[in-house]
Amino acid sequence: MELINREEKVGLVLEGGGMRGMYTTGVLDVLLEEKLFADAVIGVSAGAIFGCSYMSEQHGRGIRYNLKYIKDDRYLSIKSWLKTGNIFNAQFCYDELPNKLDVFDYDKFAENAAKVPFYVCCTNVDTGKPEYIRCTDFTKEMDYMRASASLPLVSKIVYKGGKKLLDGGTADSIPVDFFRSIGYKKNIVVLTRPEGYVKEASSTAKLLKFRYKQYPEFIETNMKRHENYNKSVAAIEEYEKNGEAIIIRPSVEYKISRLEKDRDKLKYMYKLGRKDAKAKLNELKSFLEIE
């Protein structure tokens, strides 16, 4: 990654959304092709997972392994959930896949993360608050990635760094304000929902209250998640009006679930991400102060 000296540092913020993240990987592949790099990156859940391949400069990796393994029960399945407690099989997704089947470039990630800070957002189950964790070496820190993408109810709590962690999107789905607070006043924000989307209250409230009854702060955060999400989107749209953000999000509404297994739908979202990113290339280059 070659950085330029900018008047203001620019962050790249990647929302989660499970398999809707195929949109994000389409956007990121275009950024890689055009050699467009921000000064720091933060990913939430799927945004973190696909953001790390951007950081390791492995073009096409996100769409490639998902198309190949999406229907493999070892990757994502009810069978895995019943057997291991994780609907995304932890051993397969965070060991066998990156270490054997579609090898993650740990060295290139570490090289780039030394100059472009990469953060993963998780939710602290005890406090219900977000944890923004800078990662520099995924040979040692992969559990933070796993925690960020561990969906409540269908994933085990991840114990790492003396904390109990789950899905980052619970506490902060789009952590632009965190980035602004640490000096990245301008941000490129990749969302996985189209303009006009409004998140509604959780339909699993009773299950959440039963499953996490010993963690009242976590329950409270889950109950307010839709309100916080909608406030974040409104704030980001205001930042964009003020020239402090560029939002890239699906230009058309398309029905795809966060646990989608239809390869054609995954390909569609990937291509849509590429299309929408290309449509904003001139704007992105100007925002990044690239001639």
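See the structure above.
Residues numbered from 1 in each chain as written. Predicted model: local features only at pLDDT ≥ 70, side-chain atom pairs only at ≥ 80, totals over all residues. Heavy atoms only, no water.

### A closer look at the packing of aromatic side chains
Okay, step 1: One pass over the structure, following the stated rule, counts 19 aromatic pairs.
Okay, step 2: A centroid spacing of 5.7 Å and a plane angle of 70° characterise the contact between tyrosine 69 and phenylalanine 92, whose relative ring orientation is edge-to-face. With tyrosine 69 in helix α3 (residues 61-69) and phenylalanine 92 in helix α5 (residues 90-101), this residue pair connects regions lying 23 residues apart in the sequence. Comparing tyrosine 69 with phenylalanine 92 shows no difference in burial state: the two are buried.
Okay, step 3: For the cation-ring pair, lysine 160 lies above tyrosine 144, with the distance from its terminal atom to the ring centre recorded as 5.6 Å.
Okay, step 4: The ring of tyrosine 229 is capped by lysine 199, whose NZ or CZ atom sits 5.1 Å from the centre of that ring. (Phe/Tyr/Trp six-rings, centres within 6.5 Å; stacked < 30°, edge-to-face > 60°. Helix = DSSP H or I, 4+ residues; strand = E, 2+ residues; numbered from the N terminus. Buried < 20%, exposed > 50% of the residue type's maximum accessible area, 1.4 Å probe, protein only. Lys NZ or Arg CZ within 6 Å of the ring centre and 35° of its normal.)

### Regarding the pairing of strand β1 (residues 10-14)
Okay, step 1: Of all five residues making up β1, five are buried, and the element is well covered by its neighbours.
Okay, step 2: Residues Val10, Leu12 and Leu14 of β1 are buried on one face, and the alternating residues Gly11 and Val13, pointing to the opposite face, are buried as well.
Okay, step 3: Here β1 pairs with strand β7 (residues 186-190) via five bridges, running parallel. Across the sheet, residue leucine 14 finds its bridge partner in β7, namely valine 190.
Okay, step 4: In this structure, β1 lies alongside strand β2 (residues 40-44), joined through four bridges in parallel fashion. Counterpart to glycine 11 in the pairing with β2 is alanine 40.
Okay, step 5: Crossover connection from β1 via helix α1 (residues 22-33) to parallel β2: handedness right-handed. (Pairing = 2+ DSSP bridges. Right-handed = clockwise from strand over helix to strand, strands pointing away.)

### Some remarks on the nonpolar core
Okay, step 1: Core analysis: the largest hydrophobic core is formed by 69 residues, its most contacted members being Leu12, Tyr54, Tyr75, Phe118 and Phe138.
Okay, step 2: Aside from chain neighbours lying at most four places away, what touches leucine 12 is Leu28, Leu31, Ala38, Ala40, Val41, Ile42, Tyr54, Phe179, Asn187, Ile188 and Val190.
Okay, step 3: Ranked by size, the runner-up nonpolar core spans 17 residues in total, among them Phe179, Val233, Ile236 and Ile247. (Core = buried A, V, L, I, M, F, W, Y, C linked by side-chain atoms within 4.5 Å. Contact = heavy atoms within 4.5 Å.)

### Considerations on the layout of surface pockets
Empty space among the atoms becomes visible once a probe the size of a water molecule is rolled across them.
Okay, step 1: If you add up the space inside the largest pocket, you get close to 1000 Å³.
Okay, step 2: Lining the largest pocket are 42 residues, with Arg20, Arg193, Lys199, Arg225 and Arg258 sitting closest to its centre.
Okay, step 3: Mapped by element, the contributors of at least two residues to the lining of the largest pocket are α9 (205-211), α11 (225-241) and α12 (263-279).
Okay, step 4: If you tally residues by element for the lining of the largest pocket, the top one is α11, at three residues.
Okay, step 5: Residues of the lining of the largest pocket, tallied by class, amount to 18 nonpolar, twelve polar and twelve charged. (1 Å grid on protein atoms, 1.4 Å probe; cavity = no way out; pocket = protein on both sides within 12 Å on 5 of 7 lines; lining within 4 Å. Points joined across faces, edges and corners; volume = space filled by probe spheres on them. Nonpolar A, V, L, I, M, F, W, Y, C, P; charged D, E, K, R; others polar.)

### Quick notes on unusual backbone geometry
Okay, step 1: The phi dihedral of serine 45 falls on the positive side, at around 55°, and the residue is not glycine.
Okay, step 2: In this fold, serine 45 is placed in the loop between β2 and α2 (46-55).
Okay, step 3: The residue glutamate 57 is not glycine, and still its phi comes out positive at about 55°.
Okay, step 4: Looking at the element boundaries, glutamate 57 is found in the loop between α2 and α3.

### Observations regarding the environment of lysine 164
Okay, step 1: Relative to the helices and strands, lysine 164 is located in strand β6 (residues 163-166).
Okay, step 2: Owing to a relative accessible area of 23%, lysine 164 belongs among the partly exposed residues under this scheme.
Okay, step 3: For the pair lysine 164 and asparagine 124, spaced 40 residues apart in the sequence, the C-alpha separation amounts to 5.8 Å.
Okay, step 4: In this structure, lysine 164 is in contact with Thr123, Asn124, Val125, Asp126, Ile157, Val158, Tyr159 and Tyr215, ignoring residues within four places of it in sequence.
Okay, step 5: Within the structure, lysine 164 has its side chain in polar contact with the side chain of tyrosine 215 (distance 3.3 Å). (Polar contact = N/O pair within 3.5 Å; in protein donor to acceptor, adjacent residues only side chain to side chain.)

### Quick word on the pattern of salt bridges
Where charged atoms from two side chains of opposite charge come close, those side chains can pair.
Okay, step 1: Counting across every chain of the model gives 20 salt bridges.
Okay, step 2: Notably, a salt bridge pairs aspartate 39 with arginine 6, separated by 2.9 Å at the nearest N-O pair. One end of the pair, aspartate 39, is in the loop between α1 and β2; the other, arginine 6, is in the segment before β1, and 33 residues separate them in sequence.
Okay, step 3: Aspartate 39 gets classed as buried once you look at its relative accessible area, which sits at 10%.
Okay, step 4: The class of arginine 6 is buried, set by a relative accessible area of 12%.
Okay, step 5: Put simply, Arg61, Arg64 and Asp102 are held in one network by salt bridges that share partners. (Salt bridge = Lys/Arg side-chain N within 4 Å of Asp/Glu carboxyl O.)

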